[in-house]
Amino acid sequence: MVCRHCMAAVESLLAAQGMGSIEVELGKASFALPDNMPEGEALRRIDKALSDNGFERISDPDEQLVDDVKHAIIHHLRDEQECKYNLSACIASHIGVSYDLASRVFSRLEGRTIERYHILQKVEYVKELLAYKDLGLAEIAFRTGYSSVAHLSRQFKDVTGMTPTQYVASGASRRIPLDMI
């Protein structure tokens with residue numbers, strides 16, 4: 001779950017499956033099983049409902065760690081004050097494990113580094129801000145933690161093959177959903 005709409009959808013799915021005491025937050029859900037339903041059956045029903053709606057339940061601790069890292073990166077990018085701080089320290093404080101461990105697990109399961117995922121997320125956030133058309137590149141660079149417009153433009157071009165100005169001029173929205181990166 002990467003947004004409040006996803007959280008609302010999961011909460012609805014759990015309620016429809018008869019689960020009680022539902023609490024859903026970014027990347028996590030807790031609930032009480034109905035009294036008359038065995039745990040295995042409940043989890044099968046939940047897994048099917050989630051799958052039918054494009055979600056999945058994570059039970060592997062390493063997969064959960066990767067998911068937690070992704071949420072920490074999104075939080076790091078979207079919090080203007082926090083994005084000025086060191087990414088590795090931010091991730092470690094959010095997930096409660098060392099950055100080295102998180103990095104090894106993330107790279108093994110994702111086939112890319114945390115830093116690469118962070119860059120891809122930053123570029124998608126820049127695309128989003130460009131789409132609003134109410135901020136200049138200098139303000140976007142500042143909000144997204146780039147040291148300069150030149151650095152933003154260079155990284156944007158490395159990822160997309162075009163500069164931010166070319167991207168805007170193309171008129172095409174080429175954004176990738178956050179959960180697809």
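As a reminder, the structure under discussion sits directly above these lines.
Now for a look at the structure at hand. (Residues numbered from 1 in each chain as written. Predicted model: local features only at pLDDT ≥ 70, side-chain atom pairs only at ≥ 80, totals over all residues. Heavy atoms only, no water.)

### Regarding the side chain of Lys70
Okay, so step 1: With respect to the helices and strands, Lys70 occurs in helix H3 (residues 61–78).
Okay, so step 2: On the basis of relative accessible area, Lys70 is assigned to the buried category, the value being 16%.
Okay, so step 3: At a separation of 3.3 Å, a polar atom in the side chain of Lys70 contacts the side chain of Glu110. (Helix = DSSP H or I, 4+ residues; strand = E, 2+ residues; numbered from the N terminus. Buried < 20%, exposed > 50% of the residue type's maximum accessible area, 1.4 Å probe, protein only. Polar contact = N/O pair within 3.5 Å; in protein donor to acceptor, adjacent residues only side chain to side chain.)

### Structural notes on the layout of surface pockets
Okay, so step 1: For the second largest pocket, the calculated volume is near 220 Å³.
Okay, so step 2: In this structure, the second largest pocket is lined by Glu25, Leu26, Lys28, Asp68, His71, Ala72, His75, His94 and Ile95.
Okay, so step 3: Sorting the residues of the lining of the second largest pocket by element identifies H3 and helix H4 (87–95) as the ones contributing at least two each. (1 Å grid on protein atoms, 1.4 Å probe; cavity = no way out; pocket = protein on both sides within 12 Å on 5 of 7 lines; lining within 4 Å. Points joined across faces, edges and corners; volume = space filled by probe spheres on them.)

### With respect to H3
Okay, so step 1: For H3, with 18 residues, the first-to-last C-alpha span of 26 Å sits near the 26 Å given by 1.5 Å per residue.
Okay, so step 2: All buried positions along H3 are accounted for by Leu65, Val66, Asp67, Asp68, Val69, Lys70, His71, Ala72, Ile73, Ile74, His76 and Leu77.
Okay, so step 3: The elements touched by buried residues of H3 are strand E2 (28–32), H4, helix H5 (99–110), helix H6 (114–132) and helix H7 (137–143). (Expected span 1.5 Å × (residues − 1). Contact = heavy atoms within 4.5 Å.)

### Observations concerning the packing of H3 against H4
Okay, so step 1: Between H3 and H4, the least distance of the axes is 9 Å, while the angle of their chain directions is 125°. With respect to each other, H3 and H4 are oriented oblique. Every pair of crossing elements has a handedness; the one defined by H3 and H4 is right-handed. Side by side, H3 and H4 meet where Leu65, Asp68, Val69, Ala72, Ile73, His75 and His76 of the first sit next to Leu87, Cys90, Ile91, His94 and Ile95 of the second.
Okay, so step 2: Residue composition of the contact of H3 with H4, grouped by class: eight nonpolar, three polar and one charged. (Axes fitted to C-alpha atoms, helices over the stretch in contact; angles between N-to-C directions. Parallel < 35°, antiparallel > 145°, perpendicular 65-115°, else oblique. Left-handed = near helix turned anticlockwise from the far one by under 90°. Nonpolar A, V, L, I, M, F, W, Y, C, P; charged D, E, K, R; others polar.)

### A short note on the nonpolar core
Okay, so step 1: By size, the foremost hydrophobic cluster in this structure holds 16 residues, and its most contacted members are Val69, Ile73, Ile91, Ile95, Phe106 and Ile114.
Okay, so step 2: At the level of elements, H3, H4, H5 and H6 are the ones that each hand at least two residues to this core.
Okay, so step 3: The element contributing the most residues to this core is H3, with seven residues.
Okay, so step 4: With sequence-adjacent residues up to four places away left out, Ile73 is seen in contact with Leu87, Ile91, Ile114, Tyr117, His118 and Gln121. (Core = buried A, V, L, I, M, F, W, Y, C linked by side-chain atoms within 4.5 Å.)

### Quick word on the pairing of E2
Okay, so step 1: With four bridges joining them, strand E1 (residues 20–25) and E2 adopt antiparallel strand pairing. Within E2, the residue paired with Val24 across the bridge is Ala29.
Okay, so step 2: Linking E1 back to E2 in an antiparallel pair, the connection comprises two residues, with Gly27 at a positive phi of about 85°. (Pairing = 2+ DSSP bridges.)

### As for the packing of aromatic side chains
Okay, so step 1: With the rule as written, the count across this model stands at two aromatic pairs.
Okay, so step 2: Measuring from ring centre to ring centre gives 5.5 Å for Phe156 and Tyr167, while their planes differ by 75°; the resulting arrangement is edge-to-face. One end of the pair, Phe156, is in helix H8 (residues 149–160); the other, Tyr167, is in helix H9 (residues 164–170), and eleven residues separate them in sequence.
Okay, so step 3: With a relative accessible area of 1%, Phe156 lands in the buried category.
Okay, so step 4: Here Lys122 stacks its cationic end above the ring of Tyr146, 3.8 Å away from the centre of that ring. (Phe/Tyr/Trp six-rings, centres within 6.5 Å; stacked < 30°, edge-to-face > 60°. Lys NZ or Arg CZ within 6 Å of the ring centre and 35° of its normal.)

### Thoughts on unusual backbone geometry
Okay, so step 1: The phi dihedral of Ser21 is positive, around 45°, even though this residue is not glycine.
Okay, so step 2: For Ser21, a relative accessible area of 62% gives the class exposed.
Okay, so step 3: Located in the positive-phi region is Lys133, a residue other than glycine, with phi close to 60°.
Okay, so step 4: With respect to the element layout, Lys133 can be found in the loop between H6 and H7.
Okay, so step 5: Look at Lys133 and you get exposed, because its relative accessible area is 68%.

### Considerations on the pattern of salt bridges
Okay, so step 1: Considering all chains together, one arrives at eight salt bridges under this definition.
Okay, so step 2: One salt bridge in this structure joins Lys48 and Asp52, with 2.9 Å as the shortest N-O distance. Placement of both Lys48 and Asp52 in helix H2 (residues 39–52) is noted, with a separation of four residues, approximately one turn of the helix.
Okay, so step 3: Glu124 is paired through a salt bridge with Lys127; the nearest N and O atoms lie 3.0 Å apart. Placement of the pair is Glu124 and Lys127 together in helix H6, with a separation of three residues, close to one helical turn. For the pair shown, Glu124 and Lys127 are each scored as buried. (Salt bridge = Lys/Arg side-chain N within 4 Å of Asp/Glu carboxyl O.)

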